[in-house]
Amino acid sequence: MTRATTFHLIDDDEVYLFITSKILEAISPNVKIQTFQDGELAINYFKGIEGNSSDFPDIILLDLNMPFLDGWGFLKELKTLYPGIEKRIKIYVVTSSDREDDLGLATEFNELSGYYVKPIKKDELETLFREIVDSNLESN
Amino acid sequence: MMNSRTIARFLLSYVPILIISIIWSNQQIQNQTDRVIEIEKTQLNNKTNLLQDYYTQVVAGVHFWSSMPINPKELDSAFINNAIEYLEVYDAYDQFRILDLNGVEVFRLDKDNNNKVNISTDLQDKSDRYYFQESKNLNDHEVYISKIDLNEEYGKVEYPHQPVFRTIAPIYDSDNNKIGSVVVNYKATKLLNALKSKSEHSKHTITDNFNNIILAPNADITFLNQKDSSLTESDIQYTSDLISLSKGTDTSVVKNNGIWLSKHNNLADDYNSKNSSADSITIVSPVQLTYMSFIPNATLNKFHEPIVEGRLVFLIFCFILLLTLIIINNKRVEAKVNHINQLRDSNIGLREASKQLENKHKKLEALNYQLTLKNGQLREFNYLISHNLKAPITSVTNLTEMLMESETVEEYQLLVPKLKKITDRVSELIEDMLQYVRILNSTQIETTQVDLNEVIDQSAELFLESIDNQDVKVIKELEEWNELEFSEHFMKSIIQNMISNSIKYRSTERESFIKFKSYTRGTKKILEISDNGIGIDLKKHGDQVFKLYKRFHRDISGKGLGLFLIKSQLEALSASITIDSKPNRGIKFTITFNTNPNDASYYIPFD
């Protein structure tokens, strides 16, 4: 039995979190999903695990526009919390913003593995999921 | 054209010319006068020389007769014939007489009117006559010459007037005893004629030392001592002037509209000094003559006329020349001034055009700023729509798909509330958007004089509960201004939001307040709204503060609409807002109002 692939969904849209979780569960039963309603809650989680790598997710789907701490703020804090985190977690921006300044800012973060504009489709998620599983297999 | 500066310039150049030419011409006139005087002096000298020569002959003549062997008591016929002959030949001889030692005539030749010589039988005693008295002591080689006067016969002046003078020489017998004297009368008429001025410029006068005028242009005033003539008063004055003038030394005097020149001549002294050898004749004579020459001003003026005329012509020429030059120069200066004025005018025009351009540029800048602002608001709006509307719609699509695929009631019960949540959120979003769009859309917002005092008081009433509980104290410092042109609706909304925020984010650790303070910077009215609440970390959230649905405090309810609307409302009326805050140290908003809120062209971005 392979280890379950862990997803962190960070988004202030409650319904989006529900729907995406449902889609991911439909793709594979072997997923573990954790949701956060804003960047601050998510970063509090990472502060809480105190570097325990087993508590790191495999993948983060990060919204940009959120209250209290937005996506960019989350990335900055995560970066200072865990330098080189991109080697351990694949982080994807999933946002409704197709603004150029957001896209431009995205290229400045090496920690980002990709950028999706909402709505993210089921087959996109499937591809994403498979990539993760494959890379996990290789590393094993 | 002939302004005072021109006249001054003209005078400045003309007056020196005038002065110099007058000085120069006066010098010329003086020189001319001097020359005329010099000529006259020469003439006078010539006259005295002439007289000297004349008297030399006269002396020689009388001496000749006196040196003849004469016996007054017994004159031989040869001598008489000789004398008659001489008298006939020489015009100037008038009488020939021989007097004895007592002054009695012993022989006498007269000339009648036809120049015929007669031996007079009517012999007279002349012992009383002045000429006998003055000559009776004559020695050998001495000749007496009398003054010139009118001839008298038997104590009466002979008529027609006959100016004469007498020469007398002593005669001696063979034993060298003085036995009498020879008296020769000379007619002075010819001599006087010769002495008259030959020059047309001057008039000559001769006076003697007996206050007699011997020669004058006006014959009436001559020999007044002997004449019984009646003179006019001016003649008398003139005569006395003449006499007084003649007393002076050789000189030239300006008097009676002319120049008087005088030269004194002592007959005897002059002659004797020239003939001083042992055997030469000595003249004895009391006579001193004064030659006077009068050059009238009219004559002098005639000499000066060319100079004066020349000067006048020169001055007129200079006048015209200078005037022409100055007028030409003036025209040139005028042209230059016109040119400069034109340049200045065009310069002013250019400056005005430039100013207009600048104004237009400023208006364009302001417009551009407004457009940029609007553009930003539109982009913001677009973003808000896409972010806040797209997501729910996508979710609705996904949820409906799920619903269609769902098979169990449980699934329905799970999914339908999600749909409800989305629709609630969307309707709320639309509500918020409408508020925003209403602000964006209003091109001409109704503005009035808003009383800030009143708005703050009214707004505070809405939160009476909190304020009464001393949760937040409202402080007003509106001394500098409390009225401004603005939308009352917007102002109320802004103030309410501000008070609401200050209550919401007050600190529990201290007594809270919200303070409204008005002041001006330059021409702009500024409203400062500050509190001592929990503040905000601008390092974290600085660029997010005025954005929609941004919340920074998890434990305090709020949806992040207030500041977004405040900023939109302010920007719609050309006002701007800035924020300053530190966590737990309160917050300070600074609102800068525009003078004319609806005119974008007045808007200069606040930096």
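From a predicted model like this one, the values you see are computed outputs, not experimental measurements.

### Quick word on the overall build of chain A
A count of helical and extended segments in chain A gives 5 helices and 5 strands. Counted from the first residue to the last, chain A has its helices and strands arranged as β-α-β-α-β-α-β-α-β-α. Radius of gyration (C-alpha) of chain A: 14 Å, near the 14 Å computed for a compact globule of 140 residues. Dimensions of chain A, computed from C-alpha atoms along their principal axes, come out at roughly 40 × 30 × 25 Å. Each of the 140 residues in chain A was classed as buried or not, and the buried ones make up 53%. Across chain A, every contact between residues at least 6 apart in sequence was considered, and the portion connecting residues at least 24 apart equals 71%. Surface exposure of chain A reaches about 6700 Å², of which carbon and sulfur atoms provide 47%. Taken together, the 14 basic and 26 acidic charged side chains of chain A have centroids lying 4 Å from each other.

### What about the overall build of chain B?
Summing up its helical and strand segments, chain B has 13 helices and 22 strands in all. Taken against the 2.2 N^0.38 rule, which gives 25 Å for 607 residues, the C-alpha radius of gyration of chain B at 71 Å runs more than 25% over that of a compact globule. In terms of overall dimensions, chain B has a C-alpha envelope of 220 × 50 × 45 Å along the principal axes. Buried positions account for 43% of the 607 residues belonging to chain B. When contacts within chain B are restricted to residue pairs at least 6 apart in sequence, long-range pairs at least 24 apart make up 64% of them. Carbon together with sulfur atoms contributes 53% to the accessible area of chain B, which is approximately 33700 Å² in total.

### Topic: the environment of B:Tyr291
All names here are of chain B. Locating Tyr291 in the fold gives a position in strand β15 (residues 288-296). We classify Tyr291 as buried; its relative accessible area is 2%. Separated by 243 residues in the primary sequence, Tyr291 and Thr48 place their C-alpha atoms 8.2 Å from one another. The residues touching Tyr291, leaving out its near neighbours within four places in the chain, are Leu44, Lys47, Thr48, Leu51, Leu195, Thr205, Ile206, Leu261, Ser262, Lys263 and Asn265.

### Some remarks on the domain arrangement of chain B
Domain boundaries in chain B define domain 1 (60-187) and domain 2 (442-602). Placing the centre of domain 1 of chain B and that of domain 2 of chain B at their C-alpha centroids yields a distance of 156 Å.

### What to know about the interface of chain B and chain A
Taken together, the contact pairs 25 residues of chain B with 25 residues of chain A. With both chains or domains summed, chain B and chain A bury close to 2300 Å², and 54% of this area falls on carbon and sulfur atoms. When the buried area of chain B at its contact with chain A is split by residue, B:Tyr383, B:His387 and B:Arg554 rank highest and sum to 29% of it. Taken together, the links from chain B to chain A amount to 2 salt bridges. Where A:Glu14 meets B:Lys421, a salt bridge forms, and the shortest distance between an N and an O atom there is 2.3 Å. At the boundary of chain B and chain A, one finds 2 residue pairs in polar contact (both at pLDDT 80 or more). Counting only elements with at least two residues in the side of chain B that touches chain A, the list comes to α7 (297-405), α8 (409-441) and α12 (538-541) of chain B. Here the residues of the side of chain B that touches chain A sort into 8 nonpolar, 8 polar and 9 charged.

### A word on the nonpolar core
As a rule of thumb, soluble globular proteins bury nonpolar side chains together. Residue and element names in this part refer to chain B. Formed by 52 residues in total, the largest nonpolar core has its most connected members in Phe96 and Phe165. Per element, the largest residue contribution to this core is 10 residues, and it comes from helix α1 (residues 4-66). What Phe96 contacts, discounting residues up to four positions off in sequence, is Trp65, Phe79, Ala83, Leu87, Phe107, Arg108, Leu109, Val182, Val183 and Val184. Within the second largest apolar cluster, 48 residues are counted, among which are Ile456, Leu484, Ile499 and Ile566.

### Let's talk about a negative patch on the surface
A surface patch of like charges, here negative, comprises B:Glu401, B:Glu405, B:Glu407, B:Glu410 and B:Glu411. Contributing elements (two or more residues each) for the negative patch: α7 and α8 of chain B.

### A word on a nonpolar patch on the surface
Residues and elements named next belong to chain B. On the surface, Ile7, Leu11, Val15, Ile19 and Ile23 cluster together to form a nonpolar patch covering roughly 410 Å² of accessible area. Within the secondary structure, Leu11 sits in helix α1. With relative accessibility at 41%, the residue Leu11 sits in the partly exposed group.

### Some remarks on empty space enclosed by the protein
For the structure shown, the criterion picks out 3 cavities of 30 Å³ or more. Of the volumes computed, that of the largest cavity is approximately 110 Å³. If you list the elements that add at least two residues to the lining of the largest cavity, you get α1 (14-27) of chain A together with α7 of chain B. Taken together, the residues that form the lining of the largest cavity break down as 7 nonpolar, 4 polar and 2 charged. Taken as a whole, the second largest cavity encloses approximately 50 Å³ of empty space. Around the second largest cavity sit B:Gln95, B:Arg97, B:Lys126, B:Arg129, B:Tyr131, B:Asn151, B:Glu152, B:Glu153, B:Arg166 and B:Asn185, which together line it. At the level of elements, β1 (93-100) and β6 (152-153) of chain B are the ones that each hand at least two residues to the lining of the second largest cavity. Of the residues that constitute the lining of the second largest cavity, the class distribution is 1 nonpolar, 3 polar and 6 charged.

Procedures and definitions
Residues numbered from 1 in each chain as written. Chains lettered and ligands numbered in written order. Predicted model: local features only at pLDDT ≥ 70, side-chain atom pairs only at ≥ 80, totals over all residues. Heavy atoms only, no water. Helix = DSSP H or I, 4+ residues; strand = E, 2+ residues; numbered from the N terminus. Rg over C-alpha atoms; globule rule 2.2 N^0.38 Å. Buried < 20%, exposed > 50% of the residue type's maximum accessible area, 1.4 Å probe, protein only. Contact = heavy atoms within 4.5 Å. Areas by Shrake-Rupley, 256 points an atom, 1.4 Å probe, with all protein chains shown as cover. Lys, Arg positive; Asp, Glu negative; His and termini not counted. Charge placed at Lys NZ, Arg CZ, Asp CG, Glu CD. Domains from an automatic or database assignment. Buried area = accessible area lost by both parts, 1.4 Å probe. Salt bridge = Lys/Arg side-chain N within 4 Å of Asp/Glu carboxyl O. Polar contact = N/O pair within 3.5 Å; in protein donor to acceptor, adjacent residues only side chain to side chain. Nonpolar A, V, L, I, M, F, W, Y, C, P; charged D, E, K, R; others polar. Core = buried A, V, L, I, M, F, W, Y, C linked by side-chain atoms within 4.5 Å. Patch = residues over 30% accessible without salt bridge, like charges linked within 9 Å, V, L, I, M, F, W, Y side chains within 5 Å. 1 Å grid on protein atoms, 1.4 Å probe; cavity = no way out; pocket = protein on both sides within 12 Å on 5 of 7 lines; lining within 4 Å. Points joined across faces, edges and corners; volume = space filled by probe spheres on them.

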